[in-house]
Amino acid sequence: MLRRRLGRGPAASLKIASGCDRRCAFCAIPAFRGSYLSRPIDELEAEARWLVEDGVRELFLVSENTSSYGKDLGSEHRLERLLGRLSGIDGLEWIRVSYLQPAEIRPGLIDAMLGVDKVVPYFDLSFQHASRSVLRGMRRFGDPDSFLSLIGQIRSRAPQAGIRSNVIAGFPGETEADVEILRQFIVAANLDVLGVFGYSDEEGTEGIDLPGHLPEEEIEDRRAMLADLALEVCEARAADRIGDDVLVLVEEEDGTGRAEHQAPETDGIVTLASPAAVGSIIAARVTDSEGIDLIAEAK
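Scope of this entry: the structure provided in the associated data block. (Residues numbered from 1 in each chain as written. Predicted model: local features only at pLDDT ≥ 70, side-chain atom pairs only at ≥ 80, totals over all residues. Heavy atoms only, no water.)

Quick look at unusual backbone geometry now. Its identity as a non-glycine residue notwithstanding, Tyr99 has a phi of 50°, on the positive side. For Gln128, which is not glycine, the phi dihedral falls at a positive 70°.

Below is the structure:
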């Protein structure tokens, strides 16, 4: 069968699994995509090689829960091993991992993501909230201390690492005290990118039947307040990168591209002061920021 990429840029997604075994109260994915099913490593390596032969320089590993990769294939097929296999592909420069469950981040996985050649220091951590009580209602785990400890472990080893997340405001039963816990966490976490979404019922989820649903107006007020704060924090984080040395994967002929801490489409861009060849990786120094975007000059 003849295969063809839909896009022509130097980055491409590689879907490593489908479905999810978690039963978060707000999410319907397990209902319509089924249990977690990992693709075999050999199959993924073959597809990755095909993509690289077609001009791809960055692979973005995606699934509903990437940190679970391989749990259905046996202990010798975990994400750490997949990263090592992909790293051996000639012509591939960057490997980026998406959507990690904080509760599943093990020391060996952090070691692999910060130590395996070609894996960029980028952590897409699905926090969803910070209040312990709200997270329990969501059928998730965690609290501010454990989340901040994880962030601290990453940044102590890779201060320039990109860390992004998403949170939900207005989940049933969320109190003003819970919102304040989340507000304080957003400030303390100092993430590179944070999406803030308002809760809404999804058909077939446990959340529909939970007590304590909030009025839509209140949900939007909480979402807007937290989103404004998140934007302020993320823009300050970008400004803190002024003076840093970065590697930029060029995606446009005018020199627009992304640094290692920026995922495609969602995490901002880097604009180089001069044009560069698409697909090239340029060593540059950040000279300014605009929102979460950076401006840099080639070294």
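Once that is clear, we can look at the side chain of Ser63. Position of Ser63 among the secondary structure elements: in the loop between strand 4 (58-62) and helix 3 (79-87). Among the polar contacts made by the side chain of Ser63, one reaches the main-chain amide nitrogen of Asn65 at a distance of 3.2 Å. Here Thr66 takes part through its backbone nitrogen, which lies 3.1 Å from a polar atom of the side chain of Ser63. The contact partners of Ser63, leaving out residues within four places of it in the chain, are Lys15, Ile16, Ala17, Tyr36, Ser98 and Tyr99. (Helix = DSSP H or I, 4+ residues; strand = E, 2+ residues; numbered from the N terminus. Polar contact = N/O pair within 3.5 Å; in protein donor to acceptor, adjacent residues only side chain to side chain. Contact = heavy atoms within 4.5 Å.)

Our next topic: helix 7 (residues 176-189). Two residues of an α-helix separated by three or four positions point the same way, owing to the 3.6 residues in each turn. For helix 7, built from 14 residues, the straight-helix expectation of 20 Å at 1.5 Å per residue is met to within 8% by its first-to-last C-alpha distance of 20 Å. Taken as a whole, helix 7 has its buried residues at Asp178, Val179, Leu182, Phe185, Ile186 and Ala189. All buried residues of helix 7 lie within an arc of 120° about the axis, which places them on one face of the element. Every exposed residue of helix 7 that faces more than 90 degrees away from the buried side is listed here: Glu176 and Ala177. Contacts made by the buried residues of helix 7 are with helix 5 (132-137), helix 6 (144-157), strand 7 (162-169), strand 8 (193-198) and helix 8 (216-239). (Expected span 1.5 Å × (residues − 1). Buried < 20%, exposed > 50% of the residue type's maximum accessible area, 1.4 Å probe, protein only. Arc of directions from axis to C-beta.)

Ordered by their spatial adjacency, five strands build a closed barrel running 9-10-11-13-12, and the pairing between neighbours is mixed. Taking the axes of each pair of neighbouring strands and ignoring which way they run, one obtains an average angle of 50° across the sheet. Looking at chain direction, strand 9 (residues 245-250) and strand 12 (residues 281-290) are connected through five bridges and run antiparallel. Residue pairing for strand 12: Leu247 is matched across the bridge by Ala283. (Pairing = 2+ DSSP bridges. Axes fitted to C-alpha atoms, helices over the stretch in contact; angles between N-to-C directions.)

A few words on the nonpolar core. Residues Leu61 and Leu79 are the most contacted members of the largest nonpolar core, which totals 64 residues. Ignoring sequence-local partners within four residues, the contact set of Leu79 consists of Ile16, Leu61, Thr66, Ser67, Tyr69, Val97, Leu100, Arg106 and Leu109. Ala238, Val250, Ala276 and Ala284 belong to the second-largest nonpolar core, a separate cluster that totals 12 residues. (Core = buried A, V, L, I, M, F, W, Y, C linked by side-chain atoms within 4.5 Å.)

Our next topic: the pattern of salt bridges. In this structure the tally under the stated criterion is 25 salt bridges. Measuring nitrogen to oxygen at the nearest pair gives 2.6 Å for the salt bridge that ties Arg96 to Glu58. Taken as a pair, Arg96 in strand 5 (residues 94-97) and Glu58 in strand 4 lie far apart in primary sequence, 38 residues in all. Each member of the pair Arg96 and Glu58 is classed as buried. When salt bridges that share partners are traced, they join Asp42, Glu45, Arg49 and Arg85 into one network. (Salt bridge = Lys/Arg side-chain N within 4 Å of Asp/Glu carboxyl O.)

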